[in-house]
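Each chain, written out:
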Amino acid sequence: MVEFGFPAFLVLSAFLFACGLTCLATKRNAIGILMGVELILNAANLNFVAAARFVPTFRLEGQVFAVLVIVLAAAEAAVALAIFLNFYNNHATVNVENATDLKG
Amino acid sequence: MTFHDALFLILATASAVSALGVVVSSSIIRSAIWLLFMLMGVSGLYFFLGAEFLGAAQLIVYVGGTMVLVVFGGMLTTRGPFDHVPVGLVGWVLGGGLSLALFALLVQASLSFVSHPRTDTALPGTGPLGLTLLGVPETPGQTAYLLPFEIVSIHLLVVLIAAAYLARAKRRPTSTHPEADHG
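Procedures and definitions
- Residues numbered from 1 in each chain as written.
- Chains lettered and ligands numbered in written order.
- Predicted model: local features only at pLDDT ≥ 70, side-chain atom pairs only at ≥ 80, totals over all residues.
- Heavy atoms only, no water.
- Axes fitted to C-alpha atoms, helices over the stretch in contact; angles between N-to-C directions.
- Helix = DSSP H or I, 4+ residues; strand = E, 2+ residues; numbered from the N terminus.
- Parallel < 35°, antiparallel > 145°, perpendicular 65-115°, else oblique.
- Left-handed = near helix turned anticlockwise from the far one by under 90°.
- Contact = heavy atoms within 4.5 Å.
- Nonpolar A, V, L, I, M, F, W, Y, C, P; charged D, E, K, R; others polar.
- Buried < 20%, exposed > 50% of the residue type's maximum accessible area, 1.4 Å probe, protein only.
- Buried area = accessible area lost by both parts, 1.4 Å probe.
- Polar contact = N/O pair within 3.5 Å; in protein donor to acceptor, adjacent residues only side chain to side chain.
- pLDDT = per-residue confidence, 0-100.

A. Expanded view of the packing of helix H3 (residues 59–91) of chain A against helix H5 (residues 126–133) of chain B. Relative orientation of the contacting elements H3 of chain A and H5 of chain B amounts to 70°, with a least axis distance of 10 Å. Accordingly, the angle class assigned to the pair H3 of chain A and H5 of chain B is roughly perpendicular. When the axes of H3 of chain A and H5 of chain B are compared, the crossing they make is right-handed. When H3 of chain A is examined against H5 of chain B, the residues Leu60, Gln63, Val64 and Val67 of chain A are found in contact with a partner set consisting of Pro128, Leu129, Thr132 and Leu133 of chain B. Looking at side-chain class alone, the contact of H3 of chain A with H5 of chain B contains six nonpolar, two polar and no charged residues.

B. Summary view of the environment of Thr13 of chain B. Residue and element names in this part refer to chain B. Relative to the helices and strands, Thr13 resides in helix H1 (residues 3–24). For Thr13, a relative accessible area of 43% gives the class partly exposed. Along the chain, Thr13 and Leu157 lie 144 residues apart, while their C-alpha atoms are 37 Å from each other.

C. Quick look at the interface of chain A and chain B. Contact with chain A, which involves 73 residues of that partner, is made by 85 residues of chain B. At the boundary of chain A with chain B, total buried surface from both sides reaches about 7,300 Å², with 75% on carbon and sulfur atoms. The three residues of chain A that bury the most area against chain B are Met35, Arg53 and Leu60 of chain A, which together make up 10% of that side's buried surface. Counting across the interface, chain A meets chain B through ten residue pairs in polar contact (both at pLDDT 80 or more). Its residues assigned to classes, the side of chain A that touches chain B comprises 53 nonpolar, 13 polar and seven charged.

D. The confidence of the model for chain B, seen in detail. Residues and elements named next belong to chain B. When the pLDDT values of chain B are averaged, the result is 85; 86% of them are 70 or greater. For chain B, per-element mean pLDDT is lowest for H5, which scores 86, and highest for helix H2 (residues 28–49), which scores 94. Confidence estimates for the predicted assembly give a pTM of 0.88 and an ipTM of 0.91.

Below you can see the structure in the form of structure tokens.
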């Protein structure tokens, strides 16, 4: 019988990470890139919580770090969206190909 | 197959399929809805692992807060329904190939882990978690996390001010892009 333990969670988390990386690499819309970052952060968080469950010395720390990651991800999303809206006000697009004139 | 395994399979499949949906959807709003289901699946996995506080926090902060930001950001910055930027074949090959290679590497590393047996003792709940964040360790020798907690608090305040400053409505006196003004 197959028992789904720590490696199963690690594999799932690796899959979410790969999806997020593909999002980052292929999407041209800045909001889509932000979604890729959210996928990657969730993959890392899933690893933390799985470690809290399966690694005996990590029971409290895994949860503490996951809480910190959730908070920082929310803050990052807020600032990124503010920057994108500002960019949209100036360029009427959020396509990152058109952001090449953002210099100095 | 036990009930635990079936539940894990359902939640993991839902999360993985939704994550794939985020990647392959060309419309930004559809990607956002797939992301919503992915976040709910991960939240279910937190509950499955016994971390109730984190599951609830994930639902409140991500599904309730960040998703509203992303959906409204998407709606404010698209010019019409089903507006999308097509991805070229080169982009799919390069990005997908890179991700597949990394996925294979991570799977190889993950499977080399020794699986700890699942202990059925409950994880530390909200009480010990809050006390740790406030600098009161559960047992005398344990690390407390008051300083990260305070840094995160200040960080959130700074982010709040910065987001309000960056996104405030303003009109530029002279415009070098005339077409940008009706945006």
